[in-house]
Amino acid sequence: DAGVIQSPRHEVTEMGQEVTLRCKPISGHNSLFWYRQTMMRGLELLIYFNNNVPIDDSGMPEDRFSAKMPNASFSTLKIQPSEPRDSAVYFCASSEGRNSPLHFGNGTRLTVT
Amino acid sequence: KNEVEQSPQNLTAQEGEFITINCSYSVGISALHWLQQHPGGGIVSLFMLSSGKKKHGRLIATINIQEKHSSLHITASHPRDSAVYICAVGKGGSEKLVFGKGTKLTVNP
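Throughout what follows, the structure given in this document is the object of discussion. Keep in mind that what you see is a predicted model, and the values were worked out from it rather than measured. Sequence positions are assigned chain by chain, starting from 1 and proceeding in written order. Going through the entries in the order they are written, you letter the chains from A and number the ligands from 1. The model is predicted, so local features are restricted to residues of pLDDT at least 70 and side-chain atom pairs to those at 80 or more, both for listing and for counting; the totals for chains, interfaces and linings are taken over all residues. Heavy atoms from the whole structure form the basis of all side-chain values; hydrogens and water molecules are not counted.

### Describing the overall build of chain A
At step 1: What counts as a helix is a DSSP run of H or I of at least four residues, what counts as a strand is a run of E of at least two, and both are numbered from the N terminus. Along chain A, the regular secondary structure elements total zero helices and 11 strands.
At step 2: Listing the helices and strands of chain A from first to last along the sequence gives β-β-β-β-β-β-β-β-β-β-β.
At step 3: Relative to its length of 113 residues, chain A is compact, with a C-alpha radius of gyration of 13 Å against a globular reference of 13 Å.
At step 4: Taken along the three principal axes of its C-alpha coordinates, chain A extends 35 × 25 × 25 Å.
At step 5: In this description, contact between two residues means that some pair of their heavy atoms is separated by no more than 4.5 Å. Long-range pairs, those at least 24 residues apart, make up 53% of the contacts in chain A with a sequence separation of at least 6.
At step 6: Calculation of accessible area relied on Shrake-Rupley with a 1.4 Å probe; when residues are assessed, cover is drawn exclusively from the protein chains displayed. Summing over all exposed atoms, chain A offers an accessible surface of approximately 5700 Å²; the carbon and sulfur share of this is 47%.
At step 7: With 11 positive and 12 negative side-chain charges, chain A shows a separation of 3 Å between the mean positions of the two kinds. C-alpha atoms define the radius of gyration, and 2.2 Å times the number of residues to the power 0.38 defines the globule rule. Only four residue types enter the tally: Lys and Arg on the positive side, Asp and Glu on the negative side; His and the chain ends are excluded. Lysine's charge is taken at NZ, arginine's at CZ, aspartate's at CG and glutamate's at CD.

In structure tokens form, the structure reads like this:
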């Protein structure tokens, strides 16, 4: 298995632009997670899905952030409009379900100037 | 106070030394995870445990549910073990993980 695949690896954009991050989970995994990592706050859960349904989006910072999972093999995290404080590494992870190990993608390093 | 506390924050060791990283938590958990993040940034799951002890190669993880404490041990440490080690707990019946701030380990040759 190729593991969790995220794209792009790096994204540099200007403030105000729309940013879309993509994730393909491991086939057969029922749960998908979006995390953000910054030096100040460490790893934070933004949102997670179970069987393509959003379960907990309490970590989504504000309305500028949205996430979708249209099918079991694809998810997107969108920021519109982007701001410099959104600069961080965004990780996608998947698992087989509760109390199962997490498998992380390589992350997307986002820089908003 | 954070729900998950790790110590130490930073740790420097000489190759071959025995390493211990500690994690304490203040909430009821369903499972505890140890993760490793290398300087390149990728995150790997090392262990997931809810009781007792697990061993994988030179790594050992233990958990004491009554004391709400877990330790990650590395025997015969090697420079390639240099990484940030992160403790995370799954709260109650949720899949949502709460993360510690991480322990940065540097093993010198």
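Now that the structure has been shown, we can carry on.
### Points about the overall build of chain B
At step 1: Secondary structure summary: chain B contains zero helices and 11 strands in total.
At step 2: Mapped from its N terminus to its C terminus, chain B presents α and β elements in the order β-β-β-β-β-β-β-β-β-β-β.
At step 3: Its C-alpha atoms give chain B a radius of gyration of 13 Å, near enough to 13 Å, the size a compact globule of 109 residues would have.
At step 4: Over its C-alpha atoms, taken along the principal directions, chain B stretches across nearly 45 × 25 × 25 Å.
At step 5: Relative accessible area decides the class of each residue, using a 1.4 Å probe on protein chains only: under 20% of the type maximum gives buried, over 50% gives exposed, and in between gives partly exposed. A burial count over chain B gives 45% of its 109 residues as buried.
At step 6: Restricting the contact set of chain B to residue pairs at least 6 apart, pairs at least 24 apart contribute 55%.
At step 7: For chain B, the exposed area adds up to about 5100 Å²; of that, 51% sits on carbon and sulfur atoms.
At step 8: Each charge sign in chain B was given a centre, from 11 positive and 7 negative side chains, and these centres are 4 Å apart.

### Some words on the state of the cysteines
At step 1: Any two cysteine sulfur atoms within 2.5 Å of one another count as a disulfide. Applying the stated rule across the entire model yields two disulfides over all chains.
At step 2: Disulfide partner of Cys23 of chain A: Cys92 of chain A, at an S-S distance of 1.9 Å. Classification of the bridge connecting Cys23 of chain A and Cys92 of chain A rests on its S-S torsion, roughly -65°, and on that basis the disulfide is left-handed. Taken together, the positions of Cys23 of chain A in strand S3 (residues 19–24) and Cys92 of chain A in strand S9 (residues 88–95) put the pair 69 residues apart, joining distant regions of the chain. Grouping residues by exposure puts Cys23 of chain A and Cys92 of chain A together as buried.
At step 3: Paired by a disulfide, Cys23 of chain B and Cys87 of chain B hold their sulfur atoms 2.0 Å apart. Where Cys23 of chain B bonds to Cys87 of chain B through sulfur, the torsion about that S-S bond is close to -60°, and the disulfide is left-handed. With Cys23 of chain B in strand S3 (residues 19–25) and Cys87 of chain B in strand S9 (residues 83–91), the pair connects residues that are 64 residues apart, well separated along the chain.

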